[in-house]
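Structural description and commentary
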Amino acid sequence: MTSQAPLTYDQAGVNYDLIDPLKITAQRAAAATGAHLGAHGFTEVKASRGESAYVVDVGPFYIASIVECLGTKTLVADEMAKLTGKSFFAGIAQDTIAMAVNDLITVGATPLVVQAYWAAGGSDWFGDAQRAQALVAGWKAACDTCQVAWGGGETPALAGIVEDGRIDLAASCTGLINPKERLSVGDKLGAGDAIVLLASSGIHANGLSLARKLAERLPQGYLTEIEPGLSYGEALLAPTALYSPVTEALWKAGIAPHYCANITGHGWRKLLRHPSQLTYRIHTVPPKTAVLDFIQKQAGQDDREAYSTLNMGAGFAIFVKPDDAERTAQVARDCGVKAWVAGTVEAGEKQLLIEPLNIRFSEDDLALR
């Protein structure tokens, strides 16, 4: 299976070189609208522009907000349902909420309200009771884990836009940064800080286009065993880790992160997200989950390609002062999330050095914040 040509993310239909220019144009247009907040007596936190969540100063506290789409992970769940007769949509619901919540908490926010957007290719999608009830149950369970209110949502049937028998899932999340000292947009980030990495639970919801393309190469497709008793499809559908219990526990422990990054699109290049000219030096690389190791080998990707696309075992990065590093990792472990004090921040050129793997990413490797 590994004798075929290497499979890249571009070949799977996702080309950030084409997507990112539109994002940059949209960011510039959006920035011009921030002044409208003044008419209401509020102001934006300009440093949150380009970050994972948008922050507004409303006086006694900040409000943060985000909207995120799940992507194509539902297609894997649909295929596995046909192959196994099982519904995987409880986990898919958690994936969708995680996309929004894990972004929101990067700015120091406590998630407060989640809204649902479930757009189906037709009304018949909602008629499958097992699947629909699994989606509802999983959505509520994820809200309970994150201690957020599920405020409501929208369930359009979009025949002709969404393919028949499919569903497009998205979530928005609003949170509070209270007290204001919890704000984390990188203004405190600097040389000497430690980098703590939190373990991922699998592929999460990024890189699924690549993973689905790879399934076409496998003789048994999604039913290919990647380890005894675990199929490729089941491994891909492991729900995305929810990291808000960790960030809330950190604040209660008196630890205020200097910066955070949700490792999703662009893989480990997300560690370069902040615009500061700093070097991020990684000395400890978390172990890959079985499914990510399998994808890398079967797609024939070298380490640089894999770490530029997938989370490769680390789903979230927390930058803290060095005295807080070990305690930060322990708080995460106490929440049931594996964690490693993985590196340091240094003055110098903007670059990420993953030293055990001899990988270097520069500012040019991540044009978009």
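Let me begin by describing the structure that accompanies this report. (Residues numbered from 1 in each chain as written. Predicted model: local features only at pLDDT ≥ 70, side-chain atom pairs only at ≥ 80, totals over all residues. Heavy atoms only, no water.)

**A closer look at the sheet that holds strand S5 (residues 149–154)**
Here is the rule we go by: Paired strands, in this sense, are two strands between which DSSP finds at least two bridges. Starting at the N terminus, helices and strands are each numbered in turn, a helix being any DSSP run of H or I of at least four residues and a strand any DSSP run of E of at least two. Pairs of residues are marked as contacts when any of their non-hydrogen atoms sit within 4.5 Å. Axis geometry follows a simple rule: fit a line to the C-alpha atoms, using only the stretch in contact for helices, then measure angles between N-to-C directions, giving values from 0 to 180 degrees.
Across the sheet, six strands lie side by side as S1-S2-S3-S6-S4-S5; this open sheet has mixed pairing. The outermost strands of the open sheet, each flanked by one partner alone, are strand S1 (43–44) and S5. Bridge count for strand S2 (residues 54–57) against strand S3 (residues 62–69) is four bridges, and the pairing is antiparallel. Looking across to S3, one finds that Val56 is bridged to Ile63. Along the sheet face, helix H4 (residues 129–146) touches strand S4 (110–120), S5 and strand S6 (167–177) and points at about 165 degrees away from the line of S4.

**Brief notes about the pairing of S6**
Relative to S6, S3 runs antiparallel, the two being bridged by eight bridges. Bridge pairing links Ile63 to Leu176 in S6. In terms of strand pairing, S4 meets S6 through ten bridges, oriented antiparallel. Each residue of the ladder has a partner; that of Ala116, found in S6, is Ala171.

**Remarks on empty space enclosed by the protein**
Worth spelling out the cut-off: The distinction between a cavity and a pocket rests on a 1 Å grid over the protein atoms alone: a 1.4 Å probe fits inside a cavity but cannot get out, while a pocket stays open yet meets protein on both sides within 12 Å along at least five of seven lines, and a residue with an atom within 4 Å of a point counts as lining. Grid points are joined across faces, edges and corners, and a volume is the space filled by probe spheres set on the points. When residues are sorted by character, Ala, Val, Leu, Ile, Met, Phe, Trp, Tyr, Cys and Pro go into the nonpolar class, Asp, Glu, Lys and Arg into the charged class, and all the rest, Gly among them, into the polar class.
According to the stated counting rule, one finds one cavity of 30 Å³ or more in the structure shown. In this model, the largest cavity occupies a volume close to 30 Å³. As for the largest cavity, its lining consists of Met99, Ile203, His204, Ala205, Asn206, Ile263, Thr264 and Asn311. In terms of residue class, the lining of the largest cavity is made up of four nonpolar, four polar and no charged.

**Examining helix H7 (residues 244–252)**
Just so we agree on the cut-off: Residue exposure (1.4 Å probe, protein chains only): buried if accessible area is under 20% of the type maximum, exposed if over 50%, otherwise partly exposed.
Among the residues making up H7, those that are buried are Ser244, Val246, Thr247, Glu248 and Leu250. The inward-facing, buried residues of H7 abut helix H3 (89–104), S4, H4, strand S7 (194–199), strand S12 (314–320) and helix H10 (325–334). One or two positions beyond H7, positive phi appears at Gly254, with a value near 85 degrees.

**Considerations on the nonpolar core**
How we decide: By nonpolar core we mean a set of buried residues, namely Ala, Val, Leu, Ile, Met, Phe, Trp, Tyr and Cys, connected to one another through side-chain atoms within 4.5 Å.
Judged by nonpolar contacts, the single largest core of 106 residues is most densely connected at Leu198, Tyr232, Trp268, Ile295 and Phe319. Take this core: its biggest share by element is nine residues, from H3.

**Re the state of the cysteines**
Here is the rule we go by: Throughout, disulfides are identified as pairs of cysteine sulfur atoms within 2.5 Å of each other.
Going through the model one piece at a time under the given rule, you end up with zero disulfides. Cys173 supplies the cysteine sulfur nearest to Cys69, a cysteine that is in no disulfide, at a spacing of 16 Å. Assessed through its relative accessible area of 38%, Cys69 is described here as partly exposed.

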